[in-house]
Amino acid sequence: MKLARLNKRLASTAILFLAVAPGAVAQGDFTLDLDFAPSAPETIRPPEVPDSIALTAPAYMNRDWMHLLRHRALNVKDTTVVWPNRFVDFVIRAYNWVDHTFNSFDPGYVSHTKSGKVRIVYDNWSDLQNFQPVNTMRLVVGSNMYPSIGLNVSYGIFSIGYTVDLPTLFSPITSSSHKKAEFGINWSRINAQIHLWDNQGDSRVRGVGKFSGIGSINEPYDGMKFRAYNLKAYYIFNHQRYSHSAAYNSSRIQKRSAGSWLAGINYYRYNVLFDLDALPESVKALQTYPWSRYHIKYSTYNVMGGYAFNWVLAKGLLFNSTILPGAGLTHTHTESSQGSELLAAFCGEVKVSLSYNYKRLFMNLTASANGNIFLSDNLVFASGIFSTRASFGLRF
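This write-up is about the structure you can find in this document. Along each chain, numbering runs from 1 in the same order as the chain's sequence is written. It should be noted that, the model being predicted, local features are given only for residues of pLDDT at least 70 and side-chain atom pairs only at 80 or more, the latter also being counted only at that level, while totals for whole chains, interfaces and linings use all residues. Based on all heavy atoms of the structure, the side-chain values leave hydrogens and waters out of the count.

1. Details of the nonpolar core
Counted only if it meets this: Side-chain atoms within 4.5 Å link the members of a nonpolar core, which is a set of buried Ala, Val, Leu, Ile, Met, Phe, Trp, Tyr and Cys residues. In this scheme, a residue with accessible area under 20% of its type's maximum is buried, one over 50% is exposed, and one in between is partly exposed, where area comes from a 1.4 Å probe on protein chains only. Put simply, DSSP marks the helices as runs of H or I at least four residues long and the strands as runs of E at least two long, and each gets a number from the N terminus on. Throughout, a contact is declared for two residues whenever any of their heavy atoms are within 4.5 Å.
Phe131, Leu139, Phe274, Ile296 and Phe381 are the most contacted members of the largest nonpolar core, which totals 28 residues. If one sorts the elements of this core by residue count, strand 12 (residues 258-275) sits on top with four residues. In contact with Phe381, other than residues within four places in its own chain, are Gln129, Asn130, Phe131, Val272, Phe274, Ile296, Tyr298, Asn372, Ile373 and Phe374. Core analysis: the second largest hydrophobic core is formed by twelve residues, Tyr234, Tyr242, Leu262 and Cys347 among them.

2. What to know about the layout of surface pockets
Keep this limit in mind: A cavity, in this analysis, means grid points on a 1 Å lattice covering only the protein atoms where a 1.4 Å probe fits yet has no way out; a pocket is instead an open set bounded by protein on both sides within 12 Å along at least five of seven lines, and a residue lines either one if it has an atom within 4 Å of a point. Grid points are joined across faces, edges and corners, and a volume is the space filled by probe spheres set on the points. Classification convention: Asp, Glu, Lys, Arg as charged; Ala, Val, Leu, Ile, Met, Phe, Trp, Tyr, Cys, Pro as nonpolar; all other residues, Gly among them, as polar.
Size it by volume and the largest pocket reaches roughly 600 Å³. Lining the largest pocket are 22 residues, and of these Lys114, Ser115, Gly116, Tyr155 and Phe396 lie nearest its centre. Looking at the lining of the largest pocket residue by residue, the class counts come to eight nonpolar, eight polar and six charged. Roughly 200 Å³ of volume is contained in the second largest pocket. Lining the second largest pocket we find 15 residues, and of these Ile253, Gln254, Lys315, Gly316 and Asn357 sit closest to its centre. Of all elements in the fold, only strand 11 (252-254), strand 13 (293-314), strand 14 (317-332) and strand 15 (341-358) reach the threshold of two or more residues within the lining of the second largest pocket. Counting residues per element, the lining of the second largest pocket draws most heavily on strand 15, which supplies three residues. For the lining of the second largest pocket, the residue count by class is seven nonpolar, five polar and three charged.

3. Side note on the pairing of strand 2 (residues 116-133)
Test applied: One bridge is not enough; two strands pair if DSSP finds at least two bridges between them.
Within strand 2, 13 of the 18 residues are buried, leaving the element largely enclosed by the surrounding structure. Bridging between strand 2 and strand 4 (residues 146-155) involves ten bridges; their strand directions are antiparallel. Along strand 4, the bridge assignment pairs Val121 with Gly150. The pairing of strand 2 with strand 17 (residues 379-395) spans 17 bridges and is antiparallel. Note on strand 17: the bridge partner recorded for Ser126 is Phe386. As judged from the four bridges shared by strand 2 and strand 3 (residues 139-143), these two strands associate in the antiparallel manner.

4. Concerning empty space enclosed by the protein
If you walk through the whole model with that rule in mind, you get three cavities of 30 Å³ or more. Listed by contribution, the elements that provide at least two residues to the lining of the largest cavity are strand 2, strand 6 (178-186), strand 7 (190-200), strand 10 (224-236), helix 5 (244-248), strand 15, strand 16 (361-375) and strand 17. The greatest single-element share of the lining of the largest cavity, amounting to five residues, is contributed by strand 6. Roughly 70 Å³ of internal volume is contained in the second largest cavity. Forming the walls of the second largest cavity are 14 residues, and the residues nearest its centre are Trp187, Ser188, Ser243, Ser245 and Arg252.

5. Let's talk about the pattern of salt bridges
Put simply, the test is: Salt bridge, as applied in this entry: a Lys or Arg side-chain nitrogen positioned within 4 Å of an Asp or Glu carboxyl oxygen.
Tallied over the full model, the rule gives eleven salt bridges. Note that Glu335 is salt-bridged to Lys297, the shortest N-O span being 3.2 Å. Pair noted here: Glu335 is in the loop between strand 14 and strand 15 and Lys297 is in strand 13, with a separation of 38 residues, a long-range link. Members of the salt-bridge network, linked through shared partners, are Asp123, Lys180, Glu182 and Arg389.

6. Re the side chain of Asn230
Convention followed: Nitrogen and oxygen atoms within 3.5 Å of one another constitute a polar contact, given that in protein one can donate a hydrogen and the other can accept it, and given that sequence-neighbouring residues count only through two side-chain atoms.
Mapping Asn230 onto the fold places it in strand 10. Polar contacts involving the side chain of Asn230 include one to the side chain of Asn266, which spans 2.6 Å. Among the polar contacts made by the side chain of Asn230, one reaches the main-chain carbonyl oxygen of Tyr267 at a distance of 2.9 Å. Contact partners of Asn230, with chain neighbours within four places excluded, come to Gln193, Ile194, His195, Trp197, Asn266, Tyr267 and Tyr268.

7. Quick look at the environment of Asp106
The topology assignment puts Asp106 in the loop between helix 4 (86-102) and strand 1 (110-112). Assessed through its relative accessible area of 23%, Asp106 is described here as partly exposed. For the pair Asp106 and Tyr242, spaced 136 residues apart in sequence, the C-alpha to C-alpha distance is 8.9 Å. Polar side-chain contacts of Asp106 include one of 2.9 Å to the backbone nitrogen of Gly108.

Next up, the structure:
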């Protein structure tokens, strides 16, 4: 009703205006049409969609793995990547599942870094062998702390490294008598490592006698050859807050101090050969052994347990201390001079590290000692490996 009254008033006002306007009647041909009906709403048409798309996708939509690799955009965790075949796709999916299951952590304590790392390693290591047959004097033989240099490369959870004697790099005539290789798998829950040590001579007699102290004798001795393989893996119980990789592999950043109990297995395979006829004359004067050569080849299987702690001293600065004692069984091989035996064995590992991270750069200082011992009816044998290392690297 109100709208109709308003329309009538507007019409009356318009007619009155035309009536009084000069010349309005004289013209006689003026008409005015007023439409007061509500206007229809404007129709919005949807955009037209073509019934086909171009066969060539833009470059940013290309998910082929080779294309992404060339453009440095390949990420194995990207589920849209098209891999070359089903087998590779299965391997990548399995890797991502394992990584998700075993590599989770609390972001309040631990943070990610870039997946790739390369580092230059300056390593010093030596081995020490305690050889004591029944009714003879103890013989302690060890190598000097030899400097070596090498390279360690890691990507994701995998790492591999190799070092050689530093003096041999500057002397093409001298062959390397010390070698060390390592391979590692580093998850948040599980840390696993494989080591190889090789010492082909160039050692020294450090001690002789049942009660003589190490260092009482320091005679050159090239009659010992030593090679050892080690496989160890341990579970990290507080893996959400403690990162072992942050201290020893620089694949994580420890943001707050935390520690964890560790438990795992340790396998060693030793091969040690003593040429007793090559002992220094000063040693032969003290003890004459009934063998000209003595071969010790054995495998040891140990269960280990211990504790590790990360102290965050400042932003990017981390100190770690780890201790892992263990016990198990040793099996001497038939090639050994004492024959095949199954014996009780004990082992242990102690190590510390100091690491610093600054953006993509990192450096690390570590010191470690690990060894094992077994006792038989006719022999007591202990072996230890000592190492110090300095490394500097870059993440990519």
